[in-house]
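Survey of secondary and tertiary structure
Chain residues, written in single-letter form:
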Amino acid sequence: MSMADKHKSALDRYLRLPQPEEKIQCSYVWIDGTGENLRSKTKTVNFVPKTPKELPIWNFDGSATYQAEGNNTDVYLHPVALYRDPFRLGNNKIVLCETYKYNKKPTETNHRHSCAEVMEKGKDYHPWFGIEQEFTILDSDHHPYGWPKNGFPGPQGPYYCGVGANKVYGRELVEAHYRACMYAGVNISGSNAAIMPAQWEFQVGPCEGIEMGDDLWMARYLLHRVAEDFNLLVTMDPKPMQISTHQTKGGNSKMGDWNGAGAHTNFSTKAMREDNGIIEIEQAIDKLSRHHIRHIKAYDPHEGKDNERRLTGVHETSSIHDFSAGVANRSCSIRIPRDCAEDRKGYLEDRRPASNCDPYQVTEVLVKTCCLNE
Ligand code: ADP
Ligand code: MN
Ligand code: MN
C-alpha cells in the first residue's frame, strides 16, 4: 500500500466521526484568474443552507490566485449555486461562487455575471444547452494514463466507446465521477470513452439558461477532486498530444495522430423544439455564419489561441478560419443531428468550443447571436 493510500484509509476513520447537527461544512468553489482552474476553501455554518442566498459572502487572497488588482488583494465570493457534497456527505454542501473585486465589479474571469444578464434577457426563448465535456486522464507524471511509458499506443480506432482493458484506461475514475455528479445534483446525462486512448467525455444537459455553466463548472470541480482520490490528473487542454514524429534511420516516423478535446455545445430554443423548428435552426445557423470570429474568441480562454491547435480541419474538426454547417457532418462548425433533420425540429450542435472553454462565455454568445440579435 502506498503512503497516499494509507493516508486515504486513515481519513475514513475520521469521516465516520459523528458530525454535530448544527455544524455544516460548506466548500466555497470559484474560478481563479486563469479562467480555467478552480479553487476552493471550507467554512463552517451553523444551519443547513437551502439556497445559496442564505450563505454569507466570503473573501480570499486574490494575490495567490492571479486575481489581485494592485494592492487590493481581497476578492469577494458570492454564493450562486448549491450542491450536495459527495465527499463529506450528510448536510455538507459545495457552493459555487462568483468573484467580485474591491469595487464590487466582477473580476476579469467572472464571466457568469454577464452570462446571467443575457440569460435573463433571453429567458422567453427558453434556451437549452447540452455540453459534451471531453478531457484527458494523465498519470501523476503527466503522461496520458495507461499509455506505454516509453512509447505510444496503437493508432486510433478501437478506443472510442471502447470495452476491454486494452481499449480504455481510467474507467474507474469516470464511473466514480458520474455517481458523484448525480449525488451532488449536477444534471449529468451520459459518458463515453473518446477517440484518443485515456480521453473521455461526459455530457451535462439539457440545462436551461445559467444552469448550464453552473452545472458544468461543478462537474469539472468534482472531476478534479475525484481524480485526487485515484492519484490521477485530468487535463482540459484541447490538444494534449500533438502529432509527434521522431527521427529514425529510415527517416521520419509518425508516433501518432491524436484527436484533440472539445466541448461540443448542443443548443435549442423553444421554437426550435416545436414542429417545423428546423426553420428556426436554419435561421440561427445563418446568424452564426455572420459572427464566426466573435464565437471563436469566446470558445476558449485565450480568444482562439488554444483552439488553433485543435480546429485544424482534420480529426473531426472544421478549420478555425472557416464557418460551415451540415446534417450529420462532423467536419463542420455546426452539425444538425440526423434525427433532428428527419423530425424537422430539435437542436443544433456547435462543435467549435474547446474543452477548456468557459461555458458561461459559450452560452452567453449563443443567446446573444441567435436570440437577441446583439
Ligand atoms: P453526440 O452525438 O454529438 O456525441 P451526445 O449524445 O454526446 O452527442 O450529447 C448530446 C447532448 O445534447 C446531451 O448533453 C443532451 O442532453 C443534449 N441535448 C439533447 N436534446 C437537446 C436540446 N433539444 N437542446 C439542447 N441540448 C440537447
Ligand atoms: Mn458525444
Ligand atoms: Mn458531439
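Rules of the game
- Within any chain, residue numbers begin from 1 and follow the written order of that chain's sequence.
- Chains and ligands are labelled sequentially in the order written, the chains with letters from A and the ligands with numbers from 1.
- Restriction of local features to residues with pLDDT of at least 70 applies here, the model being predicted, together with a cutoff of 80 or more for giving and counting side-chain atom pairs; totals for whole chains, interfaces and linings are based on all residues.
- Water and hydrogen atoms play no part in the side-chain values, which are based on all heavy atoms of the structure.
- Classification of ring pairs uses Phe, Tyr and Trp, with its six-membered ring standing for Trp, and accepts pairs whose centres are within 6.5 Å; under 30 degrees between planes counts as stacked, over 60 as edge-to-face, and the remaining range as tilted.
- Strands are runs of DSSP state E lasting at least two residues, helices are runs of H or I lasting at least four, and both sets are numbered from the N terminus onward.
- Between buried and exposed lies partly exposed: a residue is buried under 20% and exposed over 50% of the maximum accessible area for its type, with that area taken using a 1.4 Å probe on protein chains only.
- In this entry, domain limits derive from an automatic or database-based domain assignment.
- Note: buried area is the sum, over both parts, of the accessible area (probe 1.4 Å) each one loses when the two are combined.
- For the purposes of these results, a polar contact is taken to be a pair of N or O atoms within 3.5 Å, where, inside protein, one atom must be able to donate a hydrogen and its partner to accept one; residues adjacent in sequence count only when each atom of the pair is a side-chain atom.
- All amino acids are sorted into three groups, where Ala, Val, Leu, Ile, Met, Phe, Trp, Tyr, Cys and Pro are nonpolar, Asp, Glu, Lys and Arg are charged, and the leftover types, Gly among them, are polar.
- Proximity is defined per residue: any heavy atom of the residue falling within 4 Å of a molecule or strand makes that residue near it.
- For accessible areas, the Shrake-Rupley method is used with a probe of radius 1.4 Å. Any residue's cover is judged against the shown protein chains and nothing else.
- Should any heavy atoms of two residues lie within 4.5 Å, those residues are considered in contact.
- Keep in mind that water is not among the atoms, so a site may look incomplete; donors are the N, O and S atoms within 2.8 Å of the metal, or 3.2 Å for Na, K and Ca.
- For two strands to be treated as a pair, DSSP must find no fewer than two bridges joining them.
- Each axis is a line fitted through C-alpha atoms, taken for helices only over the stretch in contact, and angles between the N-to-C directions span 0 to 180 degrees.

**What to know about the packing of aromatic side chains**
- Going through the model one piece at a time under the given rule, you end up with six aromatic pairs.
- For the pair Trp-30 and Phe-60, a centre-to-centre distance of 4.2 Å together with 25 degrees between the ring planes defines the contact as stacked. Of this pair, Trp-30 sits in strand E1 (residues 24–31) while Phe-60 sits in strand E3 (residues 58–61), placing them 30 residues apart in sequence. Per residue, the accessibility class of Trp-30 equals that of Phe-60, and both read buried.
- Counting every residue linked through ring pairs, the aromatic cluster contains Trp-147, Phe-152 and Trp-258.

**Regarding the domain arrangement of the protein chain**
- Assigned domains within the protein chain: domain 1 (22–110) and domain 2 (119–372).
- Taken over C-alpha atoms, the centre of domain 1 sits 26 Å from the centre of domain 2.
- Carbon and sulfur atoms supply 68% of the area buried between domain 1 and domain 2, which totals about 1700 Å² over both sides.
- Of all residues in domain 1, Glu-36, Tyr-83 and Phe-87 give up the largest surface area on contact with domain 2, accounting jointly for 37% of the area buried on that side.
- Linking domain 1 with domain 2 are five residue pairs in polar contact (both at pLDDT 80 or more), by the criterion used here.
- Counting residues per element, the ones that place at least two in the side of domain 1 that touches domain 2 are E1, strand E2 (38–45), strand E4 (74–84) and strand E5 (93–100).
- The element contributing the most residues to the side of domain 1 that touches domain 2 is E4, with three residues.
- Tallied by class, residues from the side of domain 1 that touches domain 2 come to ten nonpolar, five polar and three charged.

**Some words on the site of ligand 1**
- Contacts to ligand 1 come from 18 residues, most closely from Glu-132, Glu-201, Gly-205, Ser-268 and Glu-349.
- Within the side chain of Glu-132, one N or O atom sits 3.0 Å away from an oxygen atom of ligand 1.
- Gly-205 places a main-chain nitrogen or oxygen 3.1 Å from an oxygen atom of ligand 1.
- Expressed as a share of its isolated accessible area of 580 Å², the protein-covered part of ligand 1 is 76%.
- Broken down by element, the residue count for the shell around ligand 1 peaks at five residues, all from strand E8 (residues 199–208).
- Counted by class, the shell around ligand 1 contains six nonpolar, six polar and six charged residues.

**Observations regarding the side chain of Arg-351**
- Structurally, the position occupied by Arg-351 is in the loop between strand E15 (348–350) and helix H10 (359–372).
- Residue classification places Arg-351 among the buried residues on the basis of a relative accessible area of 5%.
- Only 3.0 Å separates the side chain of Arg-351 from the side chain of Glu-349, close enough to count as a polar contact.
- For Arg-351, the residues in contact, after removing those within four places along its chain, are His-264, Arg-310, Glu-316, Asn-329, Arg-330, Cys-332, Ser-333 and Arg-335.

**Quick notes on the environment of Val-48**
- Checked against the element boundaries, Val-48 lands in the loop between E2 and E3.
- Overall, the relative accessible area of 24% leaves Val-48 in the partly exposed class.
- Sequence separation between Val-48 and Met-236 is 188 residues; the distance between their C-alpha atoms is 34 Å.
- Setting aside anything within four residues of it in sequence, one finds Val-48 in contact with Ile-24, Glu-54 and Asn-91.

**Here we look at the coordination of the manganese ion (ligand 2)**
- Coordination of the manganese ion (ligand 2) by the protein involves Glu-132 (OE) and Glu-201 (OE), with metal-donor separations of 2.1 to 2.3 Å.
- In this structure, the manganese ion (ligand 2) lies 3.9 Å away from the manganese ion (ligand 3), the two metals sharing Glu-132 as a donor. Residue Glu-132 is located in strand E6 (residues 128–138), and its partner Glu-201 is located in strand E8; the two are separated by 69 residues in the primary sequence. In this structure, Glu-132 and Glu-201 share a single accessibility class: buried.

**What about the sheet that holds E5?**
- Taking strand neighbours across the sheet as the criterion, the five strands line up as E2-E1-E5-E4-E3 in an open arrangement whose pairing is mixed. Because the sheet does not close on itself, it has two edges, and the strands there are E2 and E3. Adjacent strand axes in the sheet meet at a mean angle of 40 degrees when their direction is disregarded.
- Where E1 and E5 come together, four bridges link them in parallel fashion. For Val-29, the partnering residue across the bridge sits in E5 and is Leu-96.
- Each of E1, E2, E4 and E5 touches helix H4 (residues 211–229); the most contacted strand, E5, lies at about 115 degrees to it.

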